[in-house]
Amino acid sequence: MMIKKNELSGYLDKLIQTYQVFAPVERDSDTCLKQIAAGTEAVLDFGNTSIPPKDILFPQSETLFSYTEQDQSIRLEEDVDDGKKLIFAIRPCDARSFMLLDNVFSNDQYQDPYYLTRRANTVLVGLGCNEPCGTCFCDSVGGGPFAEEGLDMLLIDIGEGYVAKVLTDKGKEAALLLGAPGASREERQMASEIQRQAAMDKVNTEGLKAALDSGFYSAVWDLLHEKCIGCAACTYTCPTCHCFDIVDEAVDCNGCRIRNWDACMFPLFTLHGSGHNPRPTNKERFRQRVMHKFKYFADNFGAVACVGCGRCIINCPVNVDIRLVIADILKAGSEVDKK
Amino acid sequence: MQGVAGLIQEAAGKLLLDKQVGLVIGFSRGSLPLRSAPCFIRRPDEAEKLVWDRSCENNLANYLRRYRQKVAVVAKGCDSRAIVALLQEKQLERENIYIIGVPCSGMIDRKKVKRLLGGKELLEIEEKREKILLKAKGISKEISSRELLHESCRACRYPNPVLYDQLIGEPVAQWSAGDFNEVLAFEERTAQEKKERLAEELSKCIRCYACRNACPMCYCGECFADCSTPQWVGKGAQAEDNLIFQAVRVFHLAGRCVDCGACERACPMDIHLSLLTRKMVKDVRELYGFEAGVDPEAAPPLAVFSANDAQDFLFEE
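Within any chain, residue numbers begin from 1 and follow the written order of that chain's sequence. Think of it this way: whatever chain is written first is A, whatever ligand is written first is 1, and the rest follow in order. With pLDDT at 70 or above as the cut-off, local features in this predicted model cover only qualifying residues; side-chain atom pairs require 80 or more to be listed or tallied, and sums for whole chains, interfaces and linings still use all residues. Values shown for side chains rest on all heavy atoms present in the structure; no hydrogens or waters enter the calculation.

### Topic: a nonpolar patch on the surface
Residues and elements named next belong to chain B.
Point 1. A patch consists of residues whose relative accessible area exceeds 30% and which take part in no salt bridge; residues with like charges are grouped when within 9 Å of each other, and nonpolar side chains (Val, Leu, Ile, Met, Phe, Trp, Tyr) when within 5 Å. For the area figures, the Shrake-Rupley method with a 1.4 Å probe applies, and any residue is considered shielded solely by the protein chains shown. Should a side-chain nitrogen of Lys or Arg be within 4 Å of a carboxyl oxygen of Asp or Glu, the pair is scored as a salt bridge. A cluster of nonpolar residues, Leu 287, Phe 313, Leu 314 and Phe 315, forms a patch on the protein surface that exposes about 420 Å² of accessible area.
Point 2. By the secondary structure assignment, Phe 315 is in the segment after helix H11 (274–288).
Point 3. Under the scheme applied here, a residue whose accessible area is under 20% of the maximum for its type counts as buried, over 50% as exposed, and between as partly exposed, the area being computed with a 1.4 Å probe on protein chains only. Its relative accessible area of 55% is what places Phe 315 among the exposed residues. Secondary structure elements follow DSSP: runs of H or I of four or more residues count as helices, runs of E of two or more count as strands, with numbering from the N terminus.

### Things to note about the state of the cysteines
All names here are of chain A.
Point 1. By convention in this document, the label disulfide applies to cysteine sulfur atom pairs within 2.5 Å. Evaluation of the coordinates by the stated rule reveals zero disulfides over all chains.
Point 2. Cysteine Cys 138 is unpaired, with the sulfur of Cys 136 as its nearest cysteine sulfur at 6.3 Å.
Point 3. On the basis of relative accessibility, which here comes to 8%, the residue Cys 138 falls in the buried class.

### A short note on helix H1 (residues 8–16) of chain A
Residue and element names in this part refer to chain A.
Point 1. Taken residue by residue, H1 has Leu 8, Tyr 11, Leu 12 and Leu 15 as its buried positions. Buried residues of H1, viewed axially, fall in a sector of 100°; they line one side.
Point 2. Should any heavy atoms of two residues lie within 4.5 Å, those residues are considered in contact. Packed against the buried residues of H1 are strand E1 (2–4), strand E2 (20–27), strand E6 (85–90), strand E11 (161–166) and helix H5 (169–178). Working definition: the arc comes from the directions between the helix axis and the C-beta atoms, pointing outward to the latter.

### Quick look at the packing of aromatic side chains
Point 1. What counts as a ring pair is set by centres within 6.5 Å for rings of Phe, Tyr and Trp (its six-membered ring), and what kind of pair is set by the plane angle: stacked under 30 degrees, edge-to-face over 60, tilted for all other angles. In this structure the tally under the stated criterion is 15 aromatic pairs over all chains.
Point 2. Relative to A:Trp261, the ring of A:Phe58 lies with its centre 6.2 Å away and its plane at 45°, an arrangement referred to as tilted. Of this pair, A:Phe58 sits in the loop between helix H2 (54–57) and strand E4 (61–70) while A:Trp261 sits in strand E13 (residues 254–261), and the two are 203 residues apart along the sequence. For the pair shown, A:Phe58 and A:Trp261 are each scored as buried.
Point 3. Taken together, the ring pairs connect A:Phe58, A:Phe105, A:Tyr115, A:Tyr236, A:Phe244, A:Trp261, A:Phe266, B:Tyr209, B:Phe224 and B:Phe245 into an aromatic cluster.
Point 4. Each ring is checked for a lysine NZ or an arginine CZ that lies within 6 Å of its centre and within 35 degrees of its normal; such an atom marks a charge sitting over the ring. The ring of A:Phe216 carries A:Arg287 above its face, with NZ or CZ at 3.6 Å from the centroid.
Point 5. The ring of B:Tyr209 carries B:Arg212 above its face, with NZ or CZ at 4.1 Å from the centroid.

This is the structure we're talking about:
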């Protein structure tokens, strides 16, 4: 399928009739994924959105249910959002993050109706990355600038338009609504040439899992965490971080139960009711973040919880760069081995 | 600039070699263009990592409360003011801090750079006298460095350290009277307009607390925003809760905020926090004639009582 750039907004308008369409829009110097009311709002010339799209399926603050007292009984109301959604021009790294989040919200111990209902009703139309940013490293962590995993359709920018590759039945459904003409052989060739050319710097992760397996007590953590100020700029702009906290906001017997994002970098994250905290200082919390991404998640689900989007690198107020953190862990690991 | 970095390295190396301090906190080259990073030097031979340029934007006073042993710190005007404010509040022992003062010409705002480059990624930066050359893919732009400074730097009245044990290089001339034009313009607006403007800014907040954690004066053991028994403010990122969080944070910094702008620089969502913090700075200056972090001997105005304290703002006739 071929979507001409000058016809793009018309196509988006068609999608808006069926789906809540989320697309990149400009805000100051940033681009963010927002629900659009008209195709003309979408701007597809961007590196990546400042905030990942995870909040569309896993909102930062979500009411799970509300409760009210009524005639000696309690009335519960649950709000599961089953609206049809389509995320347009999601980057392949962010689409991959949903594949990883699926493990957390759908496994043999737990099925999360809130996330899974949204997930089932959401179509992901990806936009491949002709020019990955300097902070991108998706192809070092199992993804790629044109990776199709997790996407229902992939768009490849060939200049005058986008060659669209339909990948799943959900993608087919959206493609039918678009009704765009087929891409010519020449256009498809251009697309595969562009896919071949996209390049980015490699981050060496070989041996990282082994270094972390044996590195819980490594002295490297004493140095790695030192400049970290313990905020959640990294976790809240990370497409795969998914820790949450559940609170009741109520007056007397009436209120609601809310699920809020939480961050392992916060002092209260694992604070016990007794006052004991197994992660008492910034060092243990910093270690937890790295361990969770590159060891625990891999132990539990067979993949690292990082898609290489680079947002944590861009947003860290003190320039903690996960690529260098990985390099330092590997270096410390090999020095221990030598001893 | 290289000269200043060299002098900082020399000073740090000597302090460590003479065992006057066990740690020097300064800046090293960061991993991105126009990005330096706080760095922690413990061996004299590591001192060569220290740099000084237009991207040394973090307030390093933020780290000092962590250490019990004697520590040296590279301090710009604003870092030194935060040190003074922390000394006033008995959070630091003067004899445990060695201040390597560095006159500062202002730090460059990466968000302004990004806006100038139309959202494109900065690849390289070159400094030529009073001009800065910015390079991104397919574009290069030359602009006066003054224009690229953080707003907090443009309004800075204390580019030179107010307290130091050693001063690196020559003091720079003050370039700003520290005007409050933006705050004054904001004060002129109607209550409704103010509310809308603040809601617009604070709706961007993701409650990551980078502002709070980057602030050298935000050191509460448990922040009211984290407290759950009782819960003072909603923990979700709703605009009205975000505003309560920021408003209380800023009130808590009344007479303590040293106007360094670290909060705004740390914000990943580009929220214009100094609009709020500078309003408080202005009020404290007008009501108590006080500037935080200038005189180590002065008592913070909200920590002392005087019969002459301004109080007309307490009552509405």
